[in-house]
Amino acid sequence: MAATDPIRKIREVDHAVPFNLALAQTLRDLATLTPSLDAPIISLTLDWRPAGEAPGRDPAPEVRRSEHRSAAHESGPSWRPSWAEMHRHLTALADSLGPRGEAFDSVTADIALIRDYLDQELDPAARGVAIYACAAANVFVPLALGLPVPTRLAVGPTPALATPTRLREDNPTYAVLVADQQTAYLSLIDQAVVDLSVTVEGSGYPRKQ
């Protein structure tokens, strides 16, 4: 390095982020799926914050005996109020399609895949989740998100993409620069987390700058 070089060191760090930041490409892929006419595509978004969308609400009422079946899985460290609600809706959907048939089998398999993903694979740092599933069409696309999303369920021949699209459009990637005469630190922020950072350290040349 020349004595007159104003830059002493540049360091770039690509941070390991447990969220799906490449939403644009994923949404394009989902939008081009062939419509599923024999079994529905489940489009599920969950507010994955521990207290959900209503942190000040009263405790849930005691589960009645007739409701024990749908509440059987409502336990464990990964459980969230939003999933408790949506699990009941999905169970009711499967019951309405059964007790047999391609649509019933597909939705039943989807519920098991969704539950396993939430219990075993989703990073606990996630604040929102979007899941697209249709076992009959070999579709299972889970998206861990760094920002919360409304808890919603849609069922149809094509994915419902409005919620993650709105999340991406309302929260574009932005940069934060912190600098003084010696050091500059640039961070790229996506979904409220640092995705990439670059540090530039100056040599102090010329001294009077």
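Our structure is the block above this text.
The following refers to the structure shown.

Thresholds applied
Residues numbered from 1 in each chain as written. Predicted model: local features only at pLDDT ≥ 70, side-chain atom pairs only at ≥ 80, totals over all residues. Heavy atoms only, no water. Pairing = 2+ DSSP bridges. Helix = DSSP H or I, 4+ residues; strand = E, 2+ residues; numbered from the N terminus. Patch = residues over 30% accessible without salt bridge, like charges linked within 9 Å, V, L, I, M, F, W, Y side chains within 5 Å. Areas by Shrake-Rupley, 256 points an atom, 1.4 Å probe, with all protein chains shown as cover. Salt bridge = Lys/Arg side-chain N within 4 Å of Asp/Glu carboxyl O. Axes fitted to C-alpha atoms, helices over the stretch in contact; angles between N-to-C directions. Parallel < 35°, antiparallel > 145°, perpendicular 65-115°, else oblique. Left-handed = near helix turned anticlockwise from the far one by under 90°. Contact = heavy atoms within 4.5 Å. Buried < 20%, exposed > 50% of the residue type's maximum accessible area, 1.4 Å probe, protein only. Core = buried A, V, L, I, M, F, W, Y, C linked by side-chain atoms within 4.5 Å.

Considerations on the pairing of strand β7 (residues 183-190)
Note on strand geometry: in a regular strand, side chains alternate between the two faces of the sheet.
Here is step 1: Here six bridges tie strand β6 (residues 174-179) to β7, and the two strands are oriented antiparallel to one another. In the strand pairing of β7, Tyr 174 is matched with Ile 189.
Here is step 2: Pairing geometry for β7 and strand β8 (residues 193-202), over eight bridges, is antiparallel. Counted as the bridge partner of Ile 189 is Val 194 from β8.
Here is step 3: With antiparallel pairing between neighbouring strands as the criterion, β7 and β8 make up a hairpin whose turn holds two residues, including Gln 191 at a positive phi of roughly 55°.

A short note on a nonpolar patch on the surface
Here is step 1: On the surface, a cluster of nonpolar side chains totalling about 370 Å² of accessible area is made up of Tyr 174, Val 176, Val 178 and Tyr 185.
Here is step 2: The element that contributes the greatest number of residues to the nonpolar patch is β6, accounting for three residues.
Here is step 3: Secondary-structure assignment places Tyr 185 in strand β7.

Notes on the packing of helix α1 (residues 23-31) against helix α4 (residues 162-170)
Here is step 1: Axis separation between α1 and α4 bottoms out at 10 Å; the angle between their running directions is 155°. Comparing their axes, α4 and α1 come out roughly antiparallel. Relative to α4, α1 is oriented so that their crossing is left-handed. Contact residues: Leu 23, Ala 24 and Leu 27 in α1; Pro 164, Thr 165, Leu 167 and Arg 168 in α4.

Description of unusual backbone geometry
Here is step 1: Put simply, Gly 98 and Pro 99 share a cis peptide bond, and its omega is 10°.
Here is step 2: The backbone of Ala 192 sits at a positive phi, close to 70°, despite the residue not being glycine.
Here is step 3: In this fold, Ala 192 is placed in the loop between β7 and β8.
Here is step 4: Judged by its relative accessible area of 56%, Ala 192 is exposed.

Let's talk about the environment of Pro 142
Here is step 1: Residue position: Pro 142 is located in strand β4 (residues 139-145).
Here is step 2: The spacing of Pro 142 and Leu 118 is 24 residues in sequence and 9.4 Å in space, taken between C-alpha atoms.
Here is step 3: Leave out the neighbours within four places in its chain, and Pro 142 touches Asn 20, Tyr 117, Ala 130 and Ile 131.

Brief notes about the pairing of β6
Here is step 1: In terms of residue burial, β6 counts as a barely covered element, since only zero of its six residues are buried.
Here is step 2: Linking two consecutive strands that pair antiparallel, namely β6 and β7, is a turn of three residues.

Overview of the nonpolar core
Here is step 1: Formed by 22 residues in total, the largest nonpolar core has its most connected members in Trp 83, Ile 114 and Leu 118.
Here is step 2: When contributions to this core are tallied by element, the ones reaching two or more residues are β2 (41-47), α2 (81-97), α3 (102-121) and β3 (128-134).
Here is step 3: If you look at the next biggest cluster of nonpolar residues, it comprises eleven residues, including Leu 23, Leu 30, Tyr 132 and Leu 143.

Here we look at the sheet that holds β3
Here is step 1: Spatially, β4-β3-β2-β5 is the arrangement adopted by the four strands of the open sheet, whose pairing is antiparallel. Whereas interior strands pair on both sides, the edge strands pair on one side only; in this sheet they are β4 and β5 (152-156). Neighbour-to-neighbour, the strand axes of this sheet turn through a mean angle of 5°, independent of strand direction.
Here is step 2: With five bridges connecting them, β2 and β5 associate as antiparallel partners. Of the residues in β5, the one forming a bridge with Ile 42 is Val 155.
Here is step 3: The strands touched by α1 within the sheet are β3 and β4, with β4 carrying the most contacts at an inclination of about 155°.

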